[in-house]
Amino acid sequence: MKKIFLSIVLLFIVNQSFSQFNQAGLDSVLNILDEKNQFMGSLAVSEKGKVIYARAVGYSNYELEVKSNVKTKYRVGSISKVFTSTLVFLSIDEGKMALKDPLSKYFKDFPKGDEITISQLLNHHSGIYNFTNVNDYLDWCTMRFSREEILKKIIDNGFAFEPGAKGEYSNSNYVLLTFILEDVWEKTYSELINKKIAKPLGLTHTKVGDVIDVTNNECYSYSYVSGWKKSYATDMSVPLGAGAIISTPTDLNKFSWALFSGEIISEESLASVKEMKDNFGRGIFQYPYKTKVAYGHTGGIDSFSSMFGCIEVDGLSIALTSNGNRYSNNKIMIAALSAYYGDVVDVPVFEDVVYSEEELNAFLGKYDSEEIPLPIEVVLEGDELKAQAQGQASFPLSMVKRNVFSFDTAGIVMEFDPRAGTFVLRQGGGKYLYKKK
C-alpha cells in the first residue's frame, strides 16, 4: 500500500522586548518555511524608507539552483495598481485630469462612458466586468496583445453591475486607466513609471516588466508539485497598470513611505487615495493590525504573490514578494509586524502525517455546489493534493488536521467528509457545501 506524507502545521512562539526588533524570531519563521519548501521569496521592513530588515529565501531559478537575494526582482501583480493610482493623482495635481471626468472624455464610444468616472475606475465602482475572470483567461494570457485587442476584450465582456451601484474588484478598471494615462501624457506606461516615480524616488529595481530576464536578477515563479515546478508567465501586455510592475520589497517600502508621507502627491490627493467606499480606497485597501491601520495592497500573478503596507503614524513599511508559496503571506506579514512591535512571533512547525493511497483517493474527484456555480476538482499530483476551480489555476492544499486542508494565500479552508463524498468550502466568511459528482 502506497503511503503519502503530508504536513500539518503547529506553532511555537518567540518573544522579544518591545524596544528591540525581533530579528531572531522573524529569521526563525523564514528558516522553517525555506527548509520545508513552503515559501520562496523576499521580505523587507523599513522605517521611514530606511531598511531595518531584509532577507530572501529560495531560488530565482530553481532549475539552475540560482539563489534569490534581496535585490532579486519579482512580479508584484496588483500592487501595480497603487503605482497607477499615484500616476493618476499626479495627473490631477498637474491639472491634466479630474476625478469627476467621465470615461467618455477619453473613450467617446465606450458603453455607458458618460456614467463612469475616473473616481469609479480608481475605487472599483465602475461596474465594468473583470476581463481576467473569463473562463478561458489562462488559454490566452501568455500571448501578446495590442491595446486595441485588450480594449475589445474589456468592452465585449460588458458589465457586472450598473456604474456606481456597488464596489467590486476589476482589473479592467486599471487597464483603462493605463490607456488614459498614456494618452494624457503622450508617453508609454513604462516611461511614466520610470520618469514620474522610479527615478525621482531612486527605485533602481522597479520597472514595468516584460519577458522574464533572469540575467537581470529577475525570477521565475513556481508552483509545488512534488517539488517546485516552473509556472506559466503572463505576457505583460495583458495586465499593464493592473499588474505589470516588477520590484523588490525594499523598493516597495521606499515607494509606500514616499506616497503615504506626502512626498509624491498633494495632501488633498493623498486624502482622496485613502478615502474608503465599500472597503475600497482609490488604489489601496486598509489592513488592521491590533489598534493599527496599514494602507497597502496585495498582488498575485502567475505563481507570484505579494503584499505591502504602510503604518504611516509609526513610519513603518513592510513588503513581501514571493515566487513560490504554500504558506500564508498574511501570516508572514503578521510575523514581521509582531517582530517590529515586540509582540510574540508565531513560528510554524511542520509535522508529517501519513495517509494511505486509499485514504487519499477518497478525496479525489469533481465536486459541484448548489450554492455557488463554481465546480472544483481535487487531484493528486505526485504526493500533493491540489484543487482547481473551473477556469482558474490549481492551488496546493496544506493539511490543517485530518480531513481538513487549506490554501492560506487565498484564505480557503476545505473540510472533507470522505464517506459522504462532500467537503465544505470556507472563504471570506462564506460557507459552501460541495458534493462529489
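Quick note: structure is the one above.
One structure accompanies this document, and this report is about it.

Time to look at helix α1 (residues 23-35). A rise of 1.5 Å per residue sets the reference length of α1, with its 13 residues, at 18 Å; its end C-alpha atoms lie 18 Å apart and thus fit the reference within 8%. By the burial criterion, the buried members of α1 are Gly25, Leu26, Asp27, Val29, Leu30, Ile32 and Leu33. Asn37 occupies a position one or two residues after α1 and carries a positive phi of about 55°.

This part covers the pattern of salt bridges. Enumeration according to the criterion identifies 20 salt bridges in this entry. Where Glu182 meets Arg147, a salt bridge forms, and the shortest distance between an N and an O atom there is 3.9 Å. Taken together, the residues Glu182 in helix α6 (residues 171-185) and Arg147 in helix α5 (residues 147-156) connect sequence positions 35 residues apart. Across the salt bridge formed by Lys152 and Asp156, the nearest N and O atoms sit 2.6 Å from each other.

A few words on the environment of Thr72. Tracing the backbone through its elements, the reader meets Thr72 in the loop between β5 (66-67) and β6 (74-75). Here Thr72 is in contact with Ser60, Asn217, Cys219, Ser247 and Thr248, once residues within four sequence places are set aside. A polar atom in the side chain of Thr72 sits 2.9 Å from the backbone nitrogen of Asn69. Separated by 3.0 Å, the side chains of Thr72 and Asn217 make a polar contact.

Okay, the packing of α5 against α6 next. In the contact formed by α5 and α6, the axes pass within 11 Å of each other and the chain directions differ by 140°. Classified by the angle between their axes, α5 and α6 sit oblique to one another. For the pair α5 and α6, the crossing hand works out as left-handed. Side by side, α5 and α6 meet where Arg147, Ile150, Leu151 and Ile154 of the first sit next to Ser172, Val175, Leu176, Phe179, Glu182 and Asp183 of the second. Counted by class, the contact of α5 with α6 contains six nonpolar, one polar and three charged residues.

What counts, and where the lines are drawn
In this convention, every chain numbers its residues from 1, walking through the sequence in written order. Where totals are concerned, whole chains, interfaces and linings use all residues; where local detail is concerned, this predicted model gives features only for residues with pLDDT of at least 70, and gives and counts side-chain atom pairs only at 80 or more. Excluding hydrogens and water, the side-chain figures rest on all heavy atoms present in the structure. By the criteria applied, helices consist of DSSP H or I runs no shorter than four residues and strands consist of E runs no shorter than two, each listed in order from the N terminus. By this rule the span expected of a helix is its residue count minus one, scaled by 1.5 Å. For every residue, the accessible area obtained with a 1.4 Å probe (protein chains only) is divided by the maximum for its type, and the residue is called buried under 20%, exposed over 50%, and partly exposed between those limits. When a carboxyl oxygen of Asp or Glu is within 4 Å of a side-chain nitrogen of Lys or Arg, the pair counts as a salt bridge. Only heavy atoms enter the contact rule, under which two residues are in contact if any of them lie within 4.5 Å. Definition of a polar contact: a pair of N or O atoms within 3.5 Å, with one able to donate and the other able to accept a hydrogen when the atoms are protein atoms, and with sequence-neighbouring residues admitted only if both atoms are side-chain atoms. Orientation is described by axes fitted as lines to C-alpha atoms, over the contacting stretch for helices, and by angles from 0 to 180 degrees between their N-to-C directions. Under this scheme an angle from 65 to 115 degrees is roughly perpendicular, one under 35 degrees roughly parallel, and one over 145 degrees roughly antiparallel; angles in between are oblique. By definition, turning the near helix anticlockwise from the far helix through less than a right angle yields a left-handed crossing, and turning it clockwise yields a right-handed one. Following the grouping adopted for this structure description, the nonpolar residues are Ala, Val, Leu, Ile, Met, Phe, Trp, Tyr, Cys and Pro, the charged ones are Asp, Glu, Lys and Arg, and the polar ones are all others, Gly among them.

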